[in-house]
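In case you want the letters, here they are:
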Amino acid sequence: MLSQKFIELWPHSMQPSAHHFTVDQAISILEADLPTLFERDLYYDLYATDIVFQDPINTFRGKVSYRLIFWALRFHSRLFFRTLQFDVHGVNPVESQSIRADWTVRGTLRLPWQPQLDFGGYSLYRFNHQGQIDYHRDVWERSPKEIFQQFWRRGQANKNPQP
């Protein structure tokens, strides 16, 4: 059991939340949060303290790790990309306690040859009995190797240089 003093010192979004979200409420929150995930923080009350995140490269457990993943995405997007967008194509219920969000990531790297990053995928979110997301899995349409190979290709803007 966490001591009351520790809970008071713990950042608000890391504290166990008393919120219970419906699937429709979660869809609304995800529709608002996802398009700006490279720009601002998510609404972390939606997520359980023991959330599991999984993508083709990583698996993390816990809300602290989950927050760090999205902080790192924002930090690296600003550092390495001229532009970076997360386009959401739909956020829909798949089962009574699951949501699927279809998306595309597009951007231009800060390299002299301006390589373009472009790949799609989807996120699956599962709810626990407390009405919070306790599992988030990203599925990419291509392998990580294929995605990272885009970093070495010349961007559209430089394919036909002017004489």
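Preceding block: the structure.
Now for a look at the structure at hand. Quantities reported herein were computed from a predicted structural model and do not represent experimental measurements.

1. Thoughts on the sheet that holds strand 4 (residues 98–109)
Phase 1: Overall, mixed pairing links the six strands, which are arranged 2-1-6-5-4-3 in an open sheet. Lying at the two open borders of the sheet, with one neighbouring strand each, are strand 2 (59–61) and strand 3 (81–95). Going across the sheet, the axis of each strand differs from the next one's by a mean of 20°, ignoring polarity.
Phase 2: Of the strands in this sheet, strand 1 (47–54), strand 3, strand 4, strand 5 (116–127) and strand 6 (133–140) are in contact with helix 2 (residues 23–33), which crosses strand 3 at around 165°.
Phase 3: Across the sheet, helix 3 (residues 63–80) is in contact with strand 1, strand 2, strand 3, strand 4, strand 5 and strand 6; its angle to strand 1 comes to roughly 55°.

2. Overview of the pairing of strand 6
Phase 1: With seven of eight residues buried, strand 6 is to be regarded as a mostly interior element.
Phase 2: Here strand 5 runs beside strand 6; their pairing, made up of seven bridges, is antiparallel. Bridging from a neighbouring strand, Tyr125 pairs with His136 of strand 6.
Phase 3: Remark: five residues form the turn of the hairpin made by strand 5 and strand 6, two consecutive strands paired antiparallel; Gly131 in that turn has positive phi of roughly 75°.

Conventions used here
- Every chain begins its residue count from 1, and numbering advances along the sequence as written.
- Only residues with pLDDT of at least 70 are given local features in this predicted model, and only at 80 or more are side-chain atom pairs given and counted; all residues enter the totals for whole chains, interfaces and linings.
- Hydrogens and waters are ignored; side-chain quantities use all the structure's heavy atoms.
- In this analysis, strands are considered paired if DSSP registers two or more bridges between them.
- Helix and strand labels come from DSSP, where a helix needs a run of H or I of at least four residues and a strand needs a run of E of at least two; each type is numbered from the N terminus.
- In this analysis, axes come from line fits to C-alpha atoms, helices being fitted only over the stretch in contact, and the angle between any two N-to-C directions falls in the range 0 to 180 degrees.
- Contact criterion: two residues are considered in contact whenever any of their non-hydrogen atoms come within 4.5 Å of each other.
- Accessibility here uses a 1.4 Å probe with only protein chains present; expressed as a share of the type maximum, an area under 20% marks a residue as buried, one over 50% as exposed, and anything in between as partly exposed.

In short, shape yes, function no, at least from these values alone.
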